[in-house]
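Working through the structure, step by step
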Amino acid sequence: MAIILGLDLGTNSIGWAIRDSTSVQQIIHKGCRIFPKGVGEEKNNEFSLAAIRTDKRQSRRKYMRRKMRKTRLLNLLIQYGMCPLSAEALDAWAKYQKGREFIYPQDEVFTEWFKINPYQIRQMAALGHNLNLHQLGRAFYHMVQRRGYLSNRKDDKEKDGKVNQSIDKINALKGDKTLGDFFATALKNNEKVRGVYTARKQYEIEFDTIVALQQVEPAIARAIKRELFFQRPLKSQKNTIGKCTLEKNKPRCAISHYAFEEFRMLQFLNSIKYKKAGSPDKDFIFLAQEDYGLAKAKFFRKSETSFPFEDIAKEINKKALKSNFQYEFNYNNQLKVIGCPTSAAFQNLFDSNWLNLAIAYKKADGTDGCMNIEDVWHALFNFEHNDKLLAFAKNRLALTDEDAKKLVTIRLKQGFAALSLKAINKILPFLRQRMLYSHAVFLANVPALLGKNLWEIHQAAITEGIAHIIETDRQQKRVIEITNTLIANFRKEYSNGHPEYVLDETDKADVAKAIIAELGSTKWQAKSEAGKVTLVNEVENLYQAQLCKGFAKGQFVKGLTLASKIYQFLGDNFTITNTKINLYHPSAIETYPAAKANDKDGICYLGSPRTNSVRNPMAMRTLHELRYLINELLRSRKVDTDTEIVIELARELNDKNMRKAIQEYQKERQDENDDYKKEIKKLYKDQCNADIEPTENEIRKFRMW
């Protein structure tokens, strides 16, 4: 191609240049797009711009909801005669009206109502003193302002958290007293009561005690209690879950699901290899069945969500030691291995046959129902409060009190996998046969592609054929790459082709050099003699065939993709019944839709780079700026769809700590250079009696000296 666009992508800038390789002055356009990086910075500390925005929005919502809750309770208190305020005055104070400011009630009676000491009233109410309606209303209004912490079981912290520590401490100190009674006594003793963590349950107990002692009508008590303690359910976040890379319309599976845990475990187990210590690398083999079982058992330890690979190695070597040898593995001992905590918890609770769990129960309409392990997992995943989960465990699962408490203590790990449950369930049967993940993925959709009957009849032949294609694919690709390298060097003097061309000794020497350059001398020497001969013959045959055909400039050998080879194999040997189904591919990733031509000028502009695969704000900022740059170059006709693009970018983004370390290092070097600069100027002054500004090169020499 004549026109080449070069891009240098950074976190703060994009450098670009357009080169015409046919002209003498090759750089015809160039520029640099500078932009702020995708994180904020203050006093050498980075912070997320989105986090600040969402924190402020959360504060606004929290304030609005608290105001709405207090307003609704005041409406009830006014209705039941417990607050000396009119409904009109409350509307003027609490409800927004365009063009009017909020008007605080000026009624003296209401002002005096607010001055009542709420802790004293709550103490009197809990001790059984007769209170009037206004005093009772003041106690309830104080409780709606501070109603305690309500834990969400999915986000609940460990028992040693400061919130739970504070709640446990207060429970121990107050004994049988209500919370209001305890705090009123503490205030009399000049002790602190503000800023102390309390639990919602403590307020609910106090409310029930007060309405019972003050003989509040049940209907009124229920209405007030609902306004006091109503908690809006969390908004569903289903829309934020990404889509599966294999099943495009299916959401990704939760990493806490037992099917994904098995999928992750088998994917790792099937890749473990070992050999006798000291033997050559070619002796690595997959685990024997007995050792495979020993390794698998390590994943089902309830107390451990992850463990070092050393645990597996020690267990297998313990058995090998009886035969006076040890194994070496293809994984480092310190590698962190993720266990199966959900599956281990289910196994501990429901015994080893937990996957086939079936618990009968009566539905609300009187019909029979049956609970399975999927229902149990969904309850754990969705229920937000322990009391509801406890009721489910006792009523639906018919668990004992002890087992029900065990179920409530199970905490599911949050997060989502790259694949959907549908895709995982298709791949799992092949992983259970101890296939490698790359083999299992290709086979996963074959039963649906050929039909159940055909698959069951020819399963062994299909599996063997696809495995052979996968194993030989890498060698075939390597042969094509070496051949294309030879063609790229040869086409300078020969491209017309000759049907009877035969490789001479020079050509064969070139083949040998190209193979060694591709593999490296170490890998080439490590290959067996038969392997060397096979590879050389394959490259020579393909190279000669291409020379016989001839080739135009830029024309290379093109091979079929692995998926195309498998599809071709299935089509040649069997009848494909469902042509709408595609084969899975292990390297499937989220792709962008093809750009569509604009109606105004017919140019295909780049769309949004937003994707579920990339969440880093710095990377996304660069991708958005890249989109603006490319679209502007397309709009100005400086590049088009035939332009070759060369990109330079870092292999990875530095994390926050690394960026700060680099920044501090650069600051130290700058301070040193400033000191060197002063010393050089002083030397100039002493030696030459001249005030000369040192150059960068002189400063660098002084640093080296």
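Each remark here, short or long, concerns the structure printed above.
Residues numbered from 1 in each chain as written. Predicted model: local features only at pLDDT ≥ 70, side-chain atom pairs only at ≥ 80, totals over all residues. Heavy atoms only, no water.

**Regarding the overall build of the protein chain**
In terms of regular secondary structure, the protein chain is built from 27 helices and 13 strands. A globule of 705 residues ought to have a C-alpha radius of gyration of about 27 Å, yet the protein chain, at 37 Å, is considerably larger. In terms of overall dimensions, the protein chain has C-alpha extents of about 115 × 90 × 65 Å along its principal axes. Within the protein chain, contacts between residues separated by at least 24 positions form 64% of all contacts whose residues are at least 6 apart in sequence. Accessible area for the protein chain stands at about 43800 Å²; split by element, carbon and sulfur atoms hold 51% of it. The positive charge centre, built from 114 side chains, and the negative charge centre, built from 86, are 6 Å apart in the protein chain. (Helix = DSSP H or I, 4+ residues; strand = E, 2+ residues; numbered from the N terminus. Rg over C-alpha atoms; globule rule 2.2 N^0.38 Å. Contact = heavy atoms within 4.5 Å. Areas by Shrake-Rupley, 256 points an atom, 1.4 Å probe, with all protein chains shown as cover. Lys, Arg positive; Asp, Glu negative; His and termini not counted. Charge placed at Lys NZ, Arg CZ, Asp CG, Glu CD.)

**Focus on the packing of helix α4 (residues 118-126) against helix α5 (residues 133-145)**
At a closest axis distance of 9 Å, the pairing of α4 and α5 adopts a crossing angle of 115°. When the axes of α4 and α5 are compared, the pair comes out roughly perpendicular. For the element pair α4 and α5, the recorded crossing hand is left-handed. Between α4, through P118, Y119, I121 and R122, and α5, the contact on the second element is made entirely by Q135, R138, A139, H142 and M143. Tallied by class, the residues present in the contact of α4 with α5 amount to five nonpolar, two polar and two charged. (Axes fitted to C-alpha atoms, helices over the stretch in contact; angles between N-to-C directions. Parallel < 35°, antiparallel > 145°, perpendicular 65-115°, else oblique. Left-handed = near helix turned anticlockwise from the far one by under 90°. Nonpolar A, V, L, I, M, F, W, Y, C, P; charged D, E, K, R; others polar.)

**Some thoughts on the sheet that holds strand β2 (residues 13-20)**
Sheet architecture is open: four strands sit in the order β3-β2-β1-β13, paired in mixed fashion. The sheet is open, and its two borders are formed by β3 (27-34) and β13 (644-648), each paired with just one other strand. The average undirected angle you get between the axes of adjacent strands in this sheet is 15°. Pairing analysis gives five bridges linking strand β1 (residues 3-9) to β13, with the strands arranged parallel. Within β13, the position partnered with L7 by the bridge is I647. (Pairing = 2+ DSSP bridges.)

**Notes on the sheet that holds strand β6 (residues 273-276)**
Taken in spatial order, the three strands make up an open sheet running β7-β6-β9, and their pairing is antiparallel. Here the strands that pair on one side only, and so sit at the sheet edges, are β7 (285-286) and β9 (327-329). Across two bridges, β6 lies against β7 in antiparallel orientation. When the bridges of β7 are listed, Y274 appears paired with I285. Relative to β9, helix α12 (residues 310-320) is tilted by about 160°, and along the sheet it contacts β6 and β9.

**Digging into the nonpolar core**
Counting residues in hydrophobic clusters, the biggest one holds 58 residues, and the most contacted among them are I427, I466 and L570. Listed in part, the 38 residues of the second largest apolar core include C83, L179, F183 and I210. (Core = buried A, V, L, I, M, F, W, Y, C linked by side-chain atoms within 4.5 Å. Buried < 20%, exposed > 50% of the residue type's maximum accessible area, 1.4 Å probe, protein only.)

**Side note on helix α6 (residues 162-174)**
With 13 residues, α6 ought to run about 18 Å at 1.5 Å a step, and its terminal C-alpha atoms sit 18 Å apart, in line with that. For α6, the set of buried residues is N164, S166, I167, I170 and K174. Angularly, the buried residues of α6 cover 160° about the axis, an arc narrow enough to put them on a single face. In α6, the exposed residues that point more than 90 degrees away from the buried face are K162, K169, A172 and L173. If you follow the buried residues of α6, they end up packed against α7 (179-188) and α8 (200-213). (Expected span 1.5 Å × (residues − 1). Arc of directions from axis to C-beta.)

**A short note on α5**
In this model, α5 (13 residues) spans 19 Å end to end at C-alpha, consistent with the 18 Å of a helix rising 1.5 Å per residue. Three or more residues of α5 are buried, namely L136, G137, R138, A139, F140, Y141, H142, M143 and V144. If you follow the buried residues of α5, they end up packed against α1 (49-79), α2 (87-94), α3 (108-115), α4, α8 and α9 (218-229). The distance from a side-chain oxygen at the start of α5 to the backbone nitrogen of H134 is 3.1 Å, and the residue carrying that oxygen is N132. (Polar contact = N/O pair within 3.5 Å; in protein donor to acceptor, adjacent residues only side chain to side chain.)

**A word on the packing of aromatic side chains**
A complete count under the given rule lists 35 aromatic pairs for this structure. For the pair W93 and F110, a centre-to-centre distance of 5.8 Å together with 70° between the ring planes defines the contact as edge-to-face. Linking W93 in helix α2 with F110 in helix α3, this pair joins segments that are 17 residues apart in sequence. Summarising the aromatic geometry, the rings of F263 and Y437 are spaced 5.9 Å apart at their centres and angled 80° between planes, so their arrangement reads as edge-to-face. Pair noted here: F263 is in helix α10 (residues 258-269) and Y437 is in helix α18 (residues 437-444), with a separation of 174 residues, a long-range link. Between the NZ or CZ atom of R226 and the centre of the ring of F230, over which it lies, the distance is 4.9 Å. Over the ring of F325 we find K276, and its NZ or CZ is 4.7 Å from the ring centre. (Phe/Tyr/Trp six-rings, centres within 6.5 Å; stacked < 30°, edge-to-face > 60°. Lys NZ or Arg CZ within 6 Å of the ring centre and 35° of its normal.)

**Remarks on the side chain of H439**
Mapped onto the elements, H439 comes out in helix α18. What makes H439 buried here is its relative accessible area of 14%. Excluding its chain neighbours within four sequence positions, the residues that come into contact with H439 are A467, I470 and E471.

**Focus: the pattern of salt bridges**
Two side chains of opposite charge can pair, provided their charged atoms sit close to one another. One pass over the structure, following the stated rule, counts 25 salt bridges. Salt-bridge contacts for K225 lead to D208; the nearest nitrogen and oxygen are separated by 3.1 Å. Of the two residues, K225 sits in helix α9 while D208 sits in helix α8, which places them 17 residues apart along the sequence. Overall, the relative accessible area of 29% leaves K225 in the partly exposed class. For D208, a relative accessible area of 35% gives the class partly exposed. Note that K426 is salt-bridged to E247, the shortest N-O span being 3.4 Å. Taken together, the residues span a long stretch of sequence, with K426 in helix α17 (residues 421-431) and E247 in the loop between α9 and α10 at a distance of 179 residues. Three or more residues joined by partner-sharing salt bridges are found here, namely E247, K422 and K426. (Salt bridge = Lys/Arg side-chain N within 4 Å of Asp/Glu carboxyl O.)

**So, the environment of G465**
For G465, the location among the structural elements is in helix α20 (residues 452-490). The buried category is assigned to G465, whose relative accessible area is 17%. On a C-alpha basis, the gap between G465 and N333 in space is 36 Å, while along the polypeptide they are 132 residues apart.

**Quick look at a nonpolar patch on the surface**
Where nonpolar side chains cluster on the molecular surface, the patch consists of I645, I647 and L649 and spans about 290 Å² of accessible area. The topology assignment puts L649 in the loop between β13 and α26 (656-688). Taking the relative accessible area as the measure of exposure, L649 reaches 56% and is therefore exposed. (Patch = residues over 30% accessible without salt bridge, like charges linked within 9 Å, V, L, I, M, F, W, Y side chains within 5 Å.)

**What to know about unusual backbone geometry**
At A398, a position not held by glycine, the phi torsion is positive, near 55°. Position of A398 among the secondary structure elements: in the loop between α15 (386-395) and α16 (401-408). Although it is not a glycine, R637 adopts a positive phi angle of roughly 65°. With respect to the element layout, R637 can be found in the loop between α25 (617-635) and β13.

Remember, this is a structural readout, not a statement about activity or role.
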